[in-house]
Amino acid sequence: MNAWDILEQDAPLVAPLLLGWQLVHDTAEGRTAGIIIETEAYHQDDPASHSFNGVNNRNAPMFGPAGHAYVYRSYGMHWCMNVVTGNSGFGQGVLIRALFPTEGIPLMEKRRGRRDHLCSGPGKLTQAMDISHIHNGHDLREPPLFLIPYPSLGYTATPRIGIAKAKEKPWRFVAQETRILA
DNA sequence: TGCTTGATTAACT
DNA sequence: GTTAATCAAGCAC
């Protein structure tokens, strides 16, 4: 099984495996990249998931092929990015909640307008890396926005953040080694 | 056509 | 700990 086949599994299995993968975005301004250190799983059989009530115009990418991006607007002002997992026809994905910045840090600082907390939240990392709705449905194996597989980091599983339903599921995964560096 | 809802962030007290 | 900012999409009428 190659690294990309991992994404064909269910989101709660994939989410911890993505810790340690690198997310890279090349733009005209330059390259930004970071190591994924925090994720959350969302599954069609999960009341907290956008895909729970079936496919619609917003969540359609979650029902598409694994390894593509699902980007949506949150609270009217932020973008959040998911990596779609599982087979087509079943809506699920992994929310990227935090990165450890590795490349293009000055560019991230410029986009964020500050020198700390560059990628320590789902809305922050999309701002730092200039990810938005135009990447919705994009294949994350292809430039300019792509993932580089790495062996998984050690992690801690905890309940998810900022949701109203199914709060008890320990489907948030935080990398142990780098959590302080975010 | 109008109402409701967020998988958030940052700046307050 | 509390709250404002801000808007696309779903869904009820």
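Now for a quick tour of the structure.

Rules used throughout
Residues numbered from 1 in each chain as written. Chains lettered and ligands numbered in written order. Predicted model: local features only at pLDDT ≥ 70, side-chain atom pairs only at ≥ 80, totals over all residues. Heavy atoms only, no water. Near = heavy atom within 4 Å. Polar contact = N/O pair within 3.5 Å; in protein donor to acceptor, adjacent residues only side chain to side chain. Buried < 20%, exposed > 50% of the residue type's maximum accessible area, 1.4 Å probe, protein only. Helix = DSSP H or I, 4+ residues; strand = E, 2+ residues; numbered from the N terminus. Pairing = 2+ DSSP bridges. Nonpolar A, V, L, I, M, F, W, Y, C, P; charged D, E, K, R; others polar. Core = buried A, V, L, I, M, F, W, Y, C linked by side-chain atoms within 4.5 Å. Contact = heavy atoms within 4.5 Å. Salt bridge = Lys/Arg side-chain N within 4 Å of Asp/Glu carboxyl O.

## Quick word on the protein's contact with DNA strand B
Part 1 of the argument: Taken together, 22 residues sit near DNA strand B, with His50, Tyr72, His78, Asn82 and Arg112 positioned nearest.
Part 2 of the argument: Atoms of DNA strand B within 4 Å of the protein belong to the sugar or the phosphate in 55% of instances, the rest to bases.
Part 3 of the argument: Side-chain polar atom of arginine 97 to a phosphate oxygen of DNA strand B: 3.4 Å apart, as the coordinates give it.
Part 4 of the argument: Note that a phosphate oxygen of DNA strand B is positioned 2.8 Å from one of the backbone N or O atoms of glycine 123.

## Some remarks on the pairing of strand E2 (residues 30-42)
Part 1 of the argument: Within E2, 10 of the 13 residues are buried, which leaves it mostly tucked inside the rest of the structure.
Part 2 of the argument: Pairing geometry for strand E1 (residues 22-27) and E2, over six bridges, is antiparallel. Bridge pairing in E2 places valine 24 opposite alanine 33.
Part 3 of the argument: Turn length for the E1-E2 hairpin, with the two strands adjacent in sequence and antiparallel, is two residues.
Part 4 of the argument: Summarising the sheet, E2 and strand E5 (residues 93-103) pair through nine bridges and their orientation is antiparallel. Looking at E5, one finds that glutamate 40 is bridged to leucine 95.
Part 5 of the argument: Summarising the sheet, E2 and strand E8 (residues 172-175) pair through three bridges and their orientation is antiparallel. Bridge pairing links glutamate 40 to arginine 172 in E8.

## Observations regarding the protein's contact with DNA strand C
Part 1 of the argument: Around DNA strand C, the neighbouring residues are Asn56, Asn57, Arg58, Tyr75, Gly76 and Met77.
Part 2 of the argument: Counting only atoms of DNA strand C within 4 Å of the protein, the fraction found in sugar and phosphate groups is 60%.
Part 3 of the argument: One nitrogen or oxygen atom from the main chain of arginine 58 is found 3.0 Å from a phosphate oxygen belonging to DNA strand C.
Part 4 of the argument: Taking tyrosine 75, its main chain carries an N or O atom lying 2.6 Å from a base oxygen of DNA strand C.
Part 5 of the argument: A per-class count over the surface near DNA strand C returns two nonpolar, three polar and one charged.

## Overview of the nonpolar core
Nonpolar side chains in soluble globular proteins tend to end up buried together.
Part 1 of the argument: Of all hydrophobic cores here, the largest spans 35 residues; its most connected members are Leu23, Met81, Val83 and Leu99.
Part 2 of the argument: Residue assignment for this core shows that the elements contributing at least two residues are helix H1 (11-17), E2, strand E3 (69-74), strand E4 (78-84), E5, helix H3 (122-128), strand E6 (145-148) and E8.
Part 3 of the argument: With four residues, E5 is the single largest residue contributor to this core.
Part 4 of the argument: Contact partners of leucine 23, with chain neighbours within four places excluded, come to Thr32, Ala33, Gly34, Met81, Leu99, Met129, Ile131, Leu145, Phe146 and Leu147.
Part 5 of the argument: Counting 11 residues, the second largest nonpolar core, distinct from the first, contains Ala48, Met62, Phe63 and Tyr72.

## Considerations on helix H2 (residues 105-112)
Part 1 of the argument: Among the residues of H2, those classed as buried are Leu107, Met108, Glu109, Arg111 and Arg112.
Part 2 of the argument: One or two residues past the end of H2 sits glycine 113, with phi positive at roughly 75°.

## Structural notes on the pattern of salt bridges
Part 1 of the argument: Counted according to the given criterion, the structure contains 10 salt bridges.
Part 2 of the argument: For glutamate 29, the salt bridge is made with lysine 110, and the minimal N-O distance between the two is 3.1 Å. Separated by 81 residues along the polypeptide, glutamate 29 in the loop between E1 and E2 and lysine 110 in helix H2 bring together distant segments of the chain.
Part 3 of the argument: The salt bridge involving arginine 172 is made with glutamate 38; its shortest N-O contact spans 2.7 Å.

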